[in-house]
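Structural description and commentary
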Amino acid sequence: MVFNRRMIAIALAYALEQTAAPRGRTLWLYGEPLPDYAPADVYHPRKNFAEALQKKGHRVVSDVAEIGRDYDAVFVTCPQQHEEVEGLLALALDRSRGFVMAVAPNDAGGTRLRGMLEAFGVPVESVGKSHCRVAWTGAAPEADRQKVEAAQLHLALRPLVLGGREWWTVPGIFGWDQLDPGSRLLMDHLPDDISGRVADFGCGFGYLSARLARDHQGIRQIDAFDIDQRAVTCCARNNGEKVNAVWDDLRSRKVEAIYNTVVMNPPFHSGKGTDLGLGQLFIQKAWESLRPRGRLFLVANQHLAYEKVVPGLTLVKLGGAYKILTTRAEG
Ligand SMILES: C[S@@+](CC[C@H](N)C(=O)[O-])C[C@H]1O[C@@H](n2cnc3c(N)ncnc32)[C@H](O)[C@@H]1O
């Protein structure tokens, strides 16, 4: 991930040597502003990045609705989800008075970047550097207005019927347009006696929380955490009062032993690669969050070695590519 960020900065700096980009007021969608442009306005929905960039003096927003307009230049560091990238390019064209530059790694959308920008009807130049592709235009106001308006809708929360009910969701969050089969397996194999105070670690749009609230009347409160602001907003909209959706990075959260039960489908990716340590840290934090005799239930891909992370993690069920594990805190 750090390596990727460096590659992106190198590619952007190289592209900026090829063209005269305006310096004035700049907006950065996802990426870290290059030193020459600091401080700048930044959009980032993930709490860790938003906080780190704020500490560096940038003005950060995490909700697209709060992004300003009339920027001299807008820079887009493309995430991986295709519709989201289209939405961000459209937003950049909408908010810039002229210049838009976008960057993506070659193996994560870079090869189609130029075409995506050209599809809005603007003249585009591009260069490759440091395993990335950079594409830019100096003619944002010439973009096809209809296409720009339509593509920006990809960034808005929308209702989608999945598994027989409507969910608020948005391209770019985990499994935004499908119910995860592992999460379904987990919910179909929980014991009936879950009650009291419960936590949902890495809640996404709130599927686990919603199933828990629906199927376990004895639950008093569910605290649902996610690092992504959009996921937290969706989770809150998809659930009733019992669910308390919290925007936080669980890696750095100070946890207390207050939960009767923690459920989760832990993340195992950072950027493009598998990051076993992230899931392991989630499990460790969940373990520390349990009251005496509290229980943890998690689903994971079968190949992920989580069994030894905390005491007593045992197999409940294998299904498809997934396994359900559980353990109970001492008491
Ligand atoms: C595999 S998804 C599970 C989503 C949802 N619980 C479900 O079952 O569909 C993992 C979730 O963890 C979130 N996440 C990743 N890193 C996180 C962190 N450090 N702190 C909190 N949430 C995180 C991701 O944004 C993602 O929504």
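Because the structure is a prediction, the values reported are computed rather than measured.

Digging into the overall build of the chain
Tallying secondary structure elements over the chain gives nine helices and 18 strands in all. The C-alpha atoms of the chain give 21 Å as radius of gyration, which agrees with the globular expectation for 331 residues (20 Å, within 12%). Projected onto its principal axes, the C-alpha positions of the chain cover 65 × 35 × 35 Å. In the chain, buried positions account for 53% of the 331 residues. Considering only residue pairs separated by 6 or more positions, the chain has 62% of its internal contacts joining residues 24 or more positions apart. Within the chain, the 38 negative side-chain charges are centred at a point lying 4 Å from the centre of the 40 positive side-chain charges.

A word on the layout of surface pockets
Here the second largest pocket is characterised by a volume of approximately 200 Å³. Taken together, 13 residues line the second largest pocket, and the ones lying closest to its centre are Asp-63, Val-64, Leu-157, Arg-230 and Thr-233. At four residues, the largest contribution of residues to the lining of the second largest pocket is made by helix H8 (residues 229–237). Residue composition of the lining of the second largest pocket, by class: seven nonpolar, three polar and three charged. Counting contributing residues, the lining of the second largest pocket receives three or more from each of domain 1 (2–155) and domain 2 (158–328).

Overview of the domain arrangement of the chain
Each assigned domain of the chain is listed with its residue range as follows: domain 1 (2–155) and domain 2 (158–328). Between the C-alpha centres of domain 1 and domain 2 the distance comes to 32 Å. Every contact between the two is made by 18 residues of domain 1 and, on the other side, 15 residues of domain 2. For the pair domain 1 and domain 2, the summed buried area comes to about 1300 Å², and 52% of that belongs to carbon and sulfur atoms. Joining domain 1 to domain 2, the criterion identifies two salt bridges. For Asp-248, the salt bridge goes to Lys-47, with nearest N and O atoms at 3.9 Å. The interface formed by domain 1 and domain 2 holds six residue pairs in polar contact (both at pLDDT 80 or more) in total. Secondary structure elements with two or more residues in the side of domain 1 that touches domain 2: helix H2 (47–55) and helix H3 (82–95). Of the residues in the side of domain 1 that touches domain 2, the class split is seven nonpolar, six polar and five charged.

Focus on the site of the ligand
Taken together, 15 residues form the shell around the ligand, and within it Ser-183, Gly-202, Asp-226, Asp-249 and Leu-250 come nearest. Between a nitrogen atom of the ligand and a main-chain N or O atom of Gly-202, the distance comes to 2.8 Å. Within the contact set of the ligand, a nitrogen atom lies 2.9 Å away from a backbone nitrogen or oxygen of Leu-250. For the ligand, the protein covers 93% of the area, taking 600 Å² as the surface of the free molecule. When grouped by side-chain class, the residues that make up the shell around the ligand number seven nonpolar, four polar and four charged.

What to know about H3
If you check H3, its first and last C-alpha atoms are 20 Å apart, about what 14 residues at 1.5 Å a residue would give, namely 20 Å. Counting buried positions along H3 yields eleven of 14 residues, so the element is predominantly enclosed. Taken residue by residue, H3 has Glu-84, Val-85, Gly-87, Leu-88, Leu-89, Ala-90, Leu-91, Ala-92, Leu-93, Asp-94 and Arg-95 as its buried positions.

What counts and how
Residues numbered from 1 in each chain as written. Predicted model: local features only at pLDDT ≥ 70, side-chain atom pairs only at ≥ 80, totals over all residues. Heavy atoms only, no water. Helix = DSSP H or I, 4+ residues; strand = E, 2+ residues; numbered from the N terminus. Rg over C-alpha atoms; globule rule 2.2 N^0.38 Å. Buried < 20%, exposed > 50% of the residue type's maximum accessible area, 1.4 Å probe, protein only. Contact = heavy atoms within 4.5 Å. Lys, Arg positive; Asp, Glu negative; His and termini not counted. Charge placed at Lys NZ, Arg CZ, Asp CG, Glu CD. 1 Å grid on protein atoms, 1.4 Å probe; cavity = no way out; pocket = protein on both sides within 12 Å on 5 of 7 lines; lining within 4 Å. Points joined across faces, edges and corners; volume = space filled by probe spheres on them. Nonpolar A, V, L, I, M, F, W, Y, C, P; charged D, E, K, R; others polar. Domains from an automatic or database assignment. Buried area = accessible area lost by both parts, 1.4 Å probe. Salt bridge = Lys/Arg side-chain N within 4 Å of Asp/Glu carboxyl O. Polar contact = N/O pair within 3.5 Å; in protein donor to acceptor, adjacent residues only side chain to side chain. Near = heavy atom within 4 Å. Areas by Shrake-Rupley, 256 points an atom, 1.4 Å probe, with all protein chains shown as cover. Expected span 1.5 Å × (residues − 1).

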